[in-house]
Amino acid sequence: MSRLVVVSNRVAPIDESKQTAGGLAVAVLAALKKSGGIWFGWSGTVLDTDASPTEPSLHQVGKLTYATQDLCRRDWDEYYNGFANQTLWPLFHYRPGLLSVSRRTMEGYDRVNAIFATGLAPLLRPDDMVWVHDYHLIPFARNLRDKGLGQRMGFFLHTPFPAPELLVVVPNHRDLVRDLCAYDLVGFHTEVDLRCFANYIRYEAGGEVEPLGPGQGMLIRAFGRQLLARAFPISIDTPALESVARTAARSRHAERLRESLVGRRLIIGVDRLDYSKGLPQRFEAFEQLLVSFPEHCNRVSFLQIAPPTREDVPEYVSIRRALSELAGRINGNFAEFDWVPIRYLNKSFGQRVLAGFYRLAHVGLVTPLRDGMNLVAKEYVACQDPEDPGVLVLSEFAGAAHELPEAMIVNPFDSEGVADALQRALTMPLEERRERHAAMLKTLRANSIGHWRESYVDALTRAPYA
Ligand code: F6P
């Protein structure tokens, strides 16, 4: 069995007691523990030095080596705060208006990718499979190839991939797509992202695209290489979460939440405080619900959990300020002495606590303006009581909407439409709620996180596709 080498900007904490129970980390760790291998990435440390170290620190845990590299402040600012999160992130989330472009951050991004590749290269064995994650690390494989390394290398993008008309806004778009073609396998969340990539290859790069049949992806010939591009919709650990949720509704936190509601219905939203999540529009939609259907005043509470993120990036400072103002205005206008309409929290909770909150909530409100997948949507469904499930209201622009058409699908820009969907969700008969929920749960059981990981690793094992 080949070793797996996982490369991602963030690496799960080496101390297992500090590892979060959810998602990617669990999936990747399970694969790494099975095959043995390396998890390589940024250490979490930013140094006040002039240059980043060129060698990683190594920590061995069983068959798994954690290899992590510190970065100096300038590298971190230009690579992560700069090009990754002020250029690629807004662009990949269809927000060119928020984009900032500079040669300095573009160079910083390339420099850090080169530093990382130099750090990993000596640790690689010829038969290793290298699996690189996310938009921070697009040039990683090309840097390894430039050193003469011929291992199987795959990339998975955790964000949307934009339409070519949008991608060309960034000056180095051709370099980015050329660098993607240095991988043997490029994975996206949805067929839409895959189509956007294929369209760039066809119409901008002058390459060839050969579709391989439904769900099988496309062979890409471009920049002197041949590779497979395919959609692999990421998922959650469905059975584990179902089981956590069964008892989590009786936890101390869930009990406190239930008591605080005193019989009112609960709408829940859980998101990083990111402008891609559509939070201002969501708050306005909730306000619209109270205006259009005043019978919900004092009868429904909206709990929005939004832990702050990327606070060194100015757009994240502005969205935080704007949301605080909006929540204050709506609460000021609608609150009663015994009821606050929006409970807005800038902090995070563990997965077990959230599972209990999801189970109590009558509506899960997931309305990003654009999102690669959105695992909260899936988690909300997995945590419901199948006998009396809540309703998922889901943005058509989240990747999850492709797999969960039985949710109430909404356009997050249309606050009146979202308010109408909330009204339907809050008044939906039990039979319809059960039917919608059962269909979604069936999908999530069929495509759990293990299935995602295994289908990706299986496709990478078959590389090269030349
Ligand atoms: O959605 C893309 C993503 O990279 C996720 O994989 C991750 O959970 C999230 O963004 C967190 O971003 P950051 O590492 O910037 O906190």
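These numbers come from a predicted model, not from an experiment.

About the criteria used
- Residues numbered from 1 in each chain as written.
- Predicted model: local features only at pLDDT ≥ 70, side-chain atom pairs only at ≥ 80, totals over all residues.
- Helix = DSSP H or I, 4+ residues; strand = E, 2+ residues; numbered from the N terminus.
- Buried ≥ 20, exposed ≤ 12 C-beta atoms within 10 Å, placed from the backbone.
- Contact = placed C-beta atoms within 7 Å.
- Near = placed C-beta within 6 Å.
- Nonpolar A, V, L, I, M, F, W, Y, C, P; charged D, E, K, R; others polar.
- Domains from an automatic or database assignment.
- Expected span 1.5 Å × (residues − 1).
- Pairing = 2+ DSSP bridges.
- Axes fitted to C-alpha atoms, helices over the stretch in contact; angles between N-to-C directions.
- Core = buried A, V, L, I, M, F, W, Y, C linked by C-beta atoms within 7 Å.
- Right-handed = clockwise from strand over helix to strand, strands pointing away.

A. Seen up close, the overall build of the protein. Helix and strand counts for the protein come out as 17 helices and 16 strands. The C-alpha extent of the protein, read off along each of the three principal axes, is 65 × 45 × 40 Å. The proportion of buried residues among the 466 residues of the protein is 48%. Contacts spanning at least 24 positions in sequence make up 76% of the contacts within the protein whose residues lie at least 6 apart.

B. The site of the ligand, seen in detail. With respect to spatial proximity, the complete set of residues near the ligand consists of Arg 10, Asp 134, His 158, Thr 159, Thr 309, Arg 310 and Gly 372. Across the shell around the ligand, the residue classes tally to no nonpolar, four polar and three charged. Counting contributing residues per domain, the shell around the ligand is built from domain 1 (4-235 + 449-462) and domain 2 (238-446), each supplying no fewer than three.

C. Local environment of helix α3 (residues 103-120). Taking 1.5 Å per residue as the helical rise, α3 with its 18 residues ought to reach 26 Å, and the 26 Å between its terminal C-alpha atoms agrees with that figure. For α3, every residue scored as buried is listed here: Thr 105, Met 106, Gly 108, Tyr 109, Asp 110, Val 112, Asn 113, Ile 115, Phe 116, Ala 117, Gly 119 and Leu 120. Looking at the buried side of α3, the elements it contacts are β1 (4-10), β2 (37-47), β4 (64-72), α2 (73-92) and α4 (140-146).

D. Expanded view of the domain arrangement of the protein. According to the domain assignment, the protein consists of domain 1 (4-235 + 449-462) and domain 2 (238-446). Listed per partner, the contact involves 19 residues of domain 1 and 16 residues of domain 2. A total of three residues in the side of domain 1 that touches domain 2 trace back to one element, the largest contributor, which is α2. Looking at the side of domain 1 that touches domain 2, its residues break down into six nonpolar, 12 polar and one charged.

E. Representation of the sheet that holds β2 within the structure. Sheet architecture is open: 10 strands sit in the order β3-β4-β2-β1-β5-β6-β7-β10-β9-β8, paired in mixed fashion. Single-partner strands in this sheet number two, and they are β3 (57-61) and β8 (208-211). On average, each strand axis in the sheet is inclined to that of its neighbour by 20°, with strand direction left out of account. Relative to strand β10 (residues 225-231), helix α7 (residues 191-203) is tilted by about 155°, and along the sheet it contacts β7 (185-188), β8, β9 (218-222) and β10.

F. Representation of the nonpolar core in the model. In terms of nonpolar packing, the biggest core is built from 145 residues, with Phe 197, Ala 377, Leu 392, Val 393, Leu 394 and Leu 422 touching the most fellow members. Looking at this core element by element, the count peaks at nine residues for α2. Built from parts of two domains, this core gets at least three residues from each of domain 1 (4-235 + 449-462) and domain 2 (238-446). In contact with Leu 394, other than residues within four places in its own chain, are Val 366, Ala 377, Ala 400, Ala 401, Leu 404, Ala 407, Met 408, Ile 409 and Val 410.

G. Expanded view of the sheet that holds strand β16 (residues 408-410). A sheet is described by the order of its strands in space; here six strands give the open sequence β13-β12-β11-β14-β15-β16, paired in parallel fashion. A strand with exactly one partner marks an edge of an open sheet, and here the two such strands are β13 (342-345) and β16. Sheet twist, expressed as the mean angle between neighbouring strand axes with direction ignored, is 20°. When strand β15 (residues 391-395) meets β16, the two strands line up parallel, connected through three bridges. Bridged to Leu 394 within β16 is Ile 409. Its contacts with the sheet place helix α15 (residues 415-426) against β11 (265-270), β12 (300-305), β14 (363-366), β15 and β16, and it is angled at close to 170° to β16.

H. Representation of the pairing of β13 in the model. Side chains of β13 alternate between two faces, with Ile 342 and Tyr 344 buried and Arg 343 and Leu 345 left unburied. Note: β12 against β13, four bridges, orientation parallel. Pairing of Leu 303 across the sheet is with Arg 343, part of β13. Handedness of the crossover is the feature at issue here: the chain leaves β12, passes through helix α11 (residues 314-334), returns alongside β13, and the resulting connection is right-handed.

I. Geometry of the environment of Gln 281. With respect to the secondary-structure elements, Gln 281 resides in helix α10 (residues 279-292). We classify Gln 281 as partly exposed; it has 19 C-beta atoms within 10 Å. A C-alpha to C-alpha distance of 9.2 Å links Gln 281 and Pro 368, two positions 87 residues apart in sequence. Setting aside anything within four residues of it in sequence, one finds Gln 281 in contact with Thr 367, Pro 412, Phe 413 and Ser 415.

J. Structural context of the environment of Leu 444. Within the fold, Leu 444 resides in helix α16 (residues 430-446). Overall, the presence of 24 C-beta atoms within 10 Å leaves Leu 444 in the buried class. The sequence separation of Leu 444 and Glu 403 amounts to 41 residues, and the corresponding C-alpha distance is 8.7 Å.

K. Local environment of unusual backbone geometry. The step from Ala 463 to Pro 464 runs through a cis peptide bond, and the omega angle for that step is 5°. You can see Pro 464 is positioned in the segment after α17 (449-461). Within the chain, Asn 298 stands out as a residue other than glycine whose phi angle is a positive 65°. By the element assignment, Asn 298 lies in the loop between α10 and β12.

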